[in-house]
Amino acid sequence: MDATRPSLPSLPDRQTLKKATTLPVYDAEGNKLNFKNIFREQKTILIFIRHFFCGSCQQYVSQLASVRKEALEWAGARIVLIGCGDWRLIANYCVTTGFEGDVYADPARTLYHIFDLIQSLERTPSRQTKRSYITKGFLQNALKSIWDGPIKNPTRIGKQGNISQLGGDFIFGPQGEKCLFASRMHHTEDHVEVADLMREAGVAYP
């Protein structure tokens, strides 16, 4: 681990997980379900993205989309996303990123709060190496976010979610209320490397 990076926070405790299981999320059709239903039957690699127009997270999710389905099946795992915006943006988000798994919305950010996901607009600190999924420069990334958001979808302005909300990467389940891995973002370009996350989940990658 890079000595300049802050240490990863502890896993959510049992009491936190129990509270989280009853909290609601919404699927791409607007159906409401409890958080526990996402990972009750299968090991789930769960990515809390930032807002649905975030270009950096879109780059990360596009890389996640390259994980082979066969590798996930062999490991008995699946990848799920949760965003902090309106569920009506989910379908377009999947088209933009090429992600074919399940995506949910937590517009009230109740799960973000209970799992201690912080708010920040800071980018990668100068002393740290950027994550490999950040392949576009800041300006290019910002312009793409604007194009994919307000320009192409003007009726959805303001529905993307809180732009300062950070996400995180977790591995939950299966069979019961347990979290096997947790990494919370410290800045806007701080998702765990896909290769590292897959290794934690026992999924062959690439």
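Residues numbered from 1 in each chain as written. Predicted model: local features only at pLDDT ≥ 70, side-chain atom pairs only at ≥ 80, totals over all residues. Heavy atoms only, no water.

> I'd like to hear about the packing of helix α3 (residues 55-64) against helix α5 (residues 90-97), residue by residue, with values.
Contact geometry of α3 with α5 gives a least axis separation of 9 Å together with a crossing angle of 65°. Comparing their axes, α5 and α3 come out roughly perpendicular. In the crossing of α3 with α5, the sense of the turn from one axis to the other is right-handed. Between α3 and α5, the contacting residues are Cys 57, Gln 58, Val 61 and Ser 62 on the first element and Tyr 93, Thr 96 and Thr 97 on the second. For the contact of α3 with α5, a count of residues per class yields 3 nonpolar, 4 polar and no charged. (Axes fitted to C-alpha atoms, helices over the stretch in contact; angles between N-to-C directions. Helix = DSSP H or I, 4+ residues; strand = E, 2+ residues; numbered from the N terminus. Parallel < 35°, antiparallel > 145°, perpendicular 65-115°, else oblique. Left-handed = near helix turned anticlockwise from the far one by under 90°. Contact = heavy atoms within 4.5 Å. Nonpolar A, V, L, I, M, F, W, Y, C, P; charged D, E, K, R; others polar.)

> Please provide a residue-by-residue account of the pattern of salt bridges, values included.
Here the structure, examined in full by the defined rule, presents 5 salt bridges. Glu 100 is paired through a salt bridge with Lys 69; the nearest N and O atoms lie 3.1 Å apart. On the criterion of sequence distance, the pair formed by Glu 100 in the loop between α5 and β5 (102-105) and Lys 69 in helix α4 (residues 69-75) is long-range, its members being 31 residues apart. Taking relative accessible area as the criterion, Glu 100 reaches 65% and is therefore assigned exposed. On the basis of relative accessibility, which here comes to 52%, the residue Lys 69 falls in the exposed class. The partner of Asp 190 in a salt bridge is Arg 131, with the nearest N and O atoms 3.4 Å apart. Residue Asp 190 is located in the loop between β7 (179-184) and α8 (194-201), and its partner Arg 131 is located in the loop between α6 (110-114) and α7 (138-151); the two are separated by 59 residues in the primary sequence. Note on accessibility: Asp 190 and Arg 131 belong to one class, buried. (Salt bridge = Lys/Arg side-chain N within 4 Å of Asp/Glu carboxyl O. Buried < 20%, exposed > 50% of the residue type's maximum accessible area, 1.4 Å probe, protein only.)

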